[in-house]
Amino acid sequence: MDQVRVNFGKNTQSSCIVLNNEVDSIFQSSSAAICLQLMKDGRYGEFSTNLLNTNEIEKIIDKAIYSLKLIEPDYCRTLPDKARYFKGDDKRDLGLFDKDFKATEPSQKRDIALSASEKIFGKDERLISLESEFGDAIYYNHIIDSQGFEGENNNTSNVISINCSIKGSGERAERASGFWWDCSPHIAKLNWSEAPELALQRAINSLNPKKLKSGFYNIIIEEQCASRVVAPIIEGLNGSNIQQNNSFLLNKKGEKIFSEKLNIIDDPHRYGAQGARWFNNEGIATFRSDIINQGIVSDYFISTYIANKMNIAPTVNYPSVPYIQPTESGLTINKMVQELKEGIIIRGFNGGNHNLATGDFSYGIEGDYFKNGEIQFHIHELNITGNIISFWNNLHSIADDHKNRARWLIPSLAFTDVRVSGE
Amino acid sequence: MIKNQQKKGECQNNGTLFNYERFGTNPDDIRRVLATALSCGGNYSDIYFEYSIAEEVTLRDGEVNSTSYDVDYGVGIRTLNGEKTGYAYSESTTLEDMLSAAKMASQIANSTNEISIPPINELRAAKNRYPIFDSWEDHPIDQRAPFLKKINDIIFSKDERVSKVIARISTSYTEVLFANSLGESFFDIKPLASVVVSVIMEDNGKIENYSSTKSYRMDFSMLNDELIEELSNEAVENCASLFDATKPKGGEMAVVMAAGKSGILLHEAIGHAFEADFIRKGTSIFSEKLGEKICNEKINIVDDATVDFNRGSLNFDDEGVPGQKTYMVKDGVLNSFLHDRISAKYYGVAPTGNGRRESFRYYPIPRMRATYMESGDANEEDIIRDVKEGIYACDFSNGQVQIGEGDFTFYVKKGYLIENGKLTAPIKDINIIGNGPQALKDIVAVANNSVINDGTWTCGKDQYCCVSCGMPTVLVSNLTVGGE
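All figures in this text were calculated on a predicted structure; none of them were measured in a lab.

Q: An account of empty space enclosed by the protein is needed here, citing residue identities and associated values.
A: All names here are of chain B. In the structure shown here, the tally under the stated rule is 2 cavities of 30 Å³ or more. For the second largest cavity, the calculated volume is near 40 Å³. Secondary-structure elements contributing two or more residues to the lining of the second largest cavity are helix H5 (264–274) and helix H9 (436–441). In terms of residue count, H5 provides more of the lining of the second largest cavity than any other element does, 4 residues in total.

Right, here's the structure in full:
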């Protein structure tokens, strides 16, 4: 059967960067493109263009039909079962579109970037460089396919980011930097005023870092970077990796392999969450589901194509709003520090990677060393190394502090007995 | 005979004709847009047209069964007012839309200005570093598919533990037309082709993966039996070796960086920190070290746009500066930062041709090209022999750096322990971390075997750029190695 899905997307973006309290750059753009996913005689291809006049679109259709004849058939490439489509029966607003978006004047955007800069510029004589950026965007996406599915999304986004450098002392710590950001679909909810001071404070706290001796440590991973250790799990559950036998989670469905404290849920209809959506890019209605339930692998992310290839039931091809449940209501990093008494708070990762086939990982880290429940000094030039499965079995607790500024709602995480390499 | 030279246009650029027709424009309209971009003041404007076709064909589970094709077209207009930038782009190149984008970019300045743009002077590249003799366009995907099939068959024949192969050929063809308010203009055709082969092997319930890649600014002649042999050997031999590999004991130790891919050390440890936007803003740890001796006098480090067919090579950078070779470190002394037009003007030096952008959607910023260390006078065997206890790192997947602090990392996909001057057990999957200036000082031996690696190196700094890196074998006396 010949099938087609057409995806039309357009967006408008702008940004203003303020460097050392002066406007340094302004940027504005508008883009639109169309993408055809064709399945003809079992042959599959994706063809896209941003040249949207009739002549160019006809040219790309001709190119598509010609190209598909040149490859081998793959009868697993089909549109989804129509029964799984989003029918449009739930029309609740997901809180991702700011109706006042177009009412915001360029001068207001510039003022936000400047006002954020003014919060800390000149407040600390060690400040070498301060960059404040405000950016916004409006996205529109329309999907239609030959089985009759049609759906559209409208989202807006507003981002403030502050990056500052301060001068330190000592041969190996001449500079320390601090970064903070916030993001919201609604400009009125953007918390731009706290970001500058948080960025500056993080830079100051990073001065005069030390290394630690190699050994096993308790670690707490701050919420703003904790998704780093969740990503290998999400990637390992991806159906394409499972089908290619390239996952440490292969044949683990239904097994308890992580700590029973770990519950990861896909919550696609959570109001205001950045990844919230009623349907995915196949038009399939999204639904709340367990990803990891009390340490047990609940399901893989299986697209229609992978389901056909593996002869199993499809799910969704990617989670919308992965959310990790806290182990204790109201639990904070400070309370974790008190409970663990000694260890490391990871404030940022510096490189590293994981082996998807084995789950082995090794990441560079920086952050703070704490002892007797109090922060002692900043640490740097350290690696943590291990295996994702054993690492997550050393889960101590999960805080109740996730923020809505990212698509993944990951709170701060505490682990015990983590291998740290240093001096 | 260069096929892509056969374009209509007004004059010839080193064999390549200026293709105004492609973008529906002409020199007079371009000058009008450039003048509009300076209508509120500012000291410089430029316009960057781009037409790009990206095509991909993929083998999965033994069949060449998917393809993709993307056309991208647009124009970016930039106004500079000192170090300040106004930028807007349009996906339409009608004069009306270009003038609208130019007006937006002009808002970075706030005075009035009546400027006359000089006549367009069409610059010629000293040499076309990536001529096209046998265009990809003339070889549809059914002529590329047999290459993928052959790789697949050879890989499966090499080791019975191979369970899966994904192989992909990605090509792009990009035409760029550039002009600026100084009256300079160039036209360039930039090919880029990559082959990526990922293999999965299974052995007694254990799974390992490995990806082998090659990428050049080359035409269809890139696909040959030699490349098949190289990619398939590298993928199978390296993947098989991982089954026996373990993690070393973690901590500080001597690290011998093997020739080739170890260039990632230069890219992360010093390359980014030499990019002059970080210098101008004072955020780089090397900001105040120009002219200082920063490492062993036997060390020469280059960022080079002139290597024929190299992934990082450029006839012109993306703001009209000819491709060139820049000594970042000469005889151990910090010789030059990597400049775009903004930083070059700020420091009163000539631009080094490092102003690059991902596409017309971005304004150019200082970026690396092919970054490598030249050969020294030691040999690899002697360097290894001098290490009592350490590791030999020969394959890497990714790296990162903190510009201000200078702390950098790179992830070792494969290496070996060094025990009493000999390579012993294989190791894998460890992160190495160090501090850029200190690591440079700690390079105590440089071998005579420098080589540029031609993998699919891609650098991310707000926008992506294709680069390459290279290195002779070197001994770094102390780095922090992740491990057991």
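Here the narrative resumes, following the displayed structure.
Q: Can you tell me about the layout of surface pockets, naming the residues and giving the values?
A: Residue and element names in this part refer to chain B. There is about 990 Å³ of room inside the second largest pocket. What lines the second largest pocket is a set of 33 residues, and nearest its centre among them are Ser52, Ser172, Leu192, Glu358 and Cys466. Within the residue set of the lining of the second largest pocket, elements represented by two or more residues are strand S3 (44–60), strand S4 (63–81), strand S7 (162–180), strand S8 (184–203) and strand S24 (463–466). The element contributing the most residues to the lining of the second largest pocket is S3, with 6 residues. Both of domain 1 (3–242) and domain 2 (251–481) provide at least three residues apiece to the lining of the second largest pocket.

Q: Just give me the short version of a nonpolar patch on the surface, but keep the residues and values in it.
A: Residues and elements named next belong to chain B. A cluster of nonpolar side chains, contributed by Tyr346, Tyr347 and Val349, occupies part of the molecular surface with about 270 Å² of accessible area. As for its placement among the helices and strands, Tyr347 is situated in helix H7 (residues 341–347). By relative accessible area, Tyr347 is classed as partly exposed at 35%.

Q: Give me the lowdown on the domain arrangement of chain B, citing residues and values where you can.
A: Residues and elements named next belong to chain B. Here the domain parsing of chain B yields domain 1 (3–242) and domain 2 (251–481). Domain 1 and domain 2 are separated by 24 Å when their C-alpha centres are compared. Of the roughly 3800 Å² buried at the junction of domain 1 and domain 2 (both faces included), carbon and sulfur atoms supply 52%. In terms of surface lost to domain 2, no three residues of domain 1 exceed Glu83, Arg129 and Arg217, which account for 18% of the buried area on that side. Viewed at the interface, domain 2 and domain 1 are joined by 8 salt bridges. Put simply, Glu319 and Arg78 hold a salt bridge, and the shortest N to O gap is 2.7 Å. The tally of links from domain 1 across to domain 2 stands at 30 residue pairs in polar contact (both at pLDDT 80 or more). Among the secondary structure elements, those contributing two or more residues to the side of domain 1 that touches domain 2 are S3, S4, strand S5 (84–90), S7, S8, strand S9 (206–216) and helix H4 (225–241). Tallied by class, the residues present in the side of domain 1 that touches domain 2 amount to 20 nonpolar, 14 polar and 16 charged.

Q: Tell me about the interface of chain B and chain A, and please be specific about residues and values.
A: Taken together, the contacts link 82 residues of chain B with 82 residues of chain A. Summed over both partners, the interface of chain B with chain A buries about 6400 Å², with 44% contributed by carbon and sulfur atoms. If you look at where chain B meets chain A, you find 9 salt bridges. Between B:Lys247 and A:Asp360 there is a salt bridge; the shortest N-O distance is 3.1 Å. Inspection of the chain B/chain A interface yields 56 residue pairs in polar contact (both at pLDDT 80 or more). When residues of the side of chain B that touches chain A are assigned to their parent elements, the largest contribution, 11 residues, is made by S4(B). Grouping the amino acids of the side of chain B that touches chain A by side-chain chemistry returns 25 nonpolar, 29 polar and 28 charged.

Rules used in this analysis
Residues numbered from 1 in each chain as written. Chains lettered and ligands numbered in written order. Predicted model: local features only at pLDDT ≥ 70, side-chain atom pairs only at ≥ 80, totals over all residues. Heavy atoms only, no water. 1 Å grid on protein atoms, 1.4 Å probe; cavity = no way out; pocket = protein on both sides within 12 Å on 5 of 7 lines; lining within 4 Å. Points joined across faces, edges and corners; volume = space filled by probe spheres on them. Helix = DSSP H or I, 4+ residues; strand = E, 2+ residues; numbered from the N terminus. Domains from an automatic or database assignment. Patch = residues over 30% accessible without salt bridge, like charges linked within 9 Å, V, L, I, M, F, W, Y side chains within 5 Å. Areas by Shrake-Rupley, 256 points an atom, 1.4 Å probe, with all protein chains shown as cover. Salt bridge = Lys/Arg side-chain N within 4 Å of Asp/Glu carboxyl O. Buried < 20%, exposed > 50% of the residue type's maximum accessible area, 1.4 Å probe, protein only. Buried area = accessible area lost by both parts, 1.4 Å probe. Polar contact = N/O pair within 3.5 Å; in protein donor to acceptor, adjacent residues only side chain to side chain. Nonpolar A, V, L, I, M, F, W, Y, C, P; charged D, E, K, R; others polar. Contact = heavy atoms within 4.5 Å.

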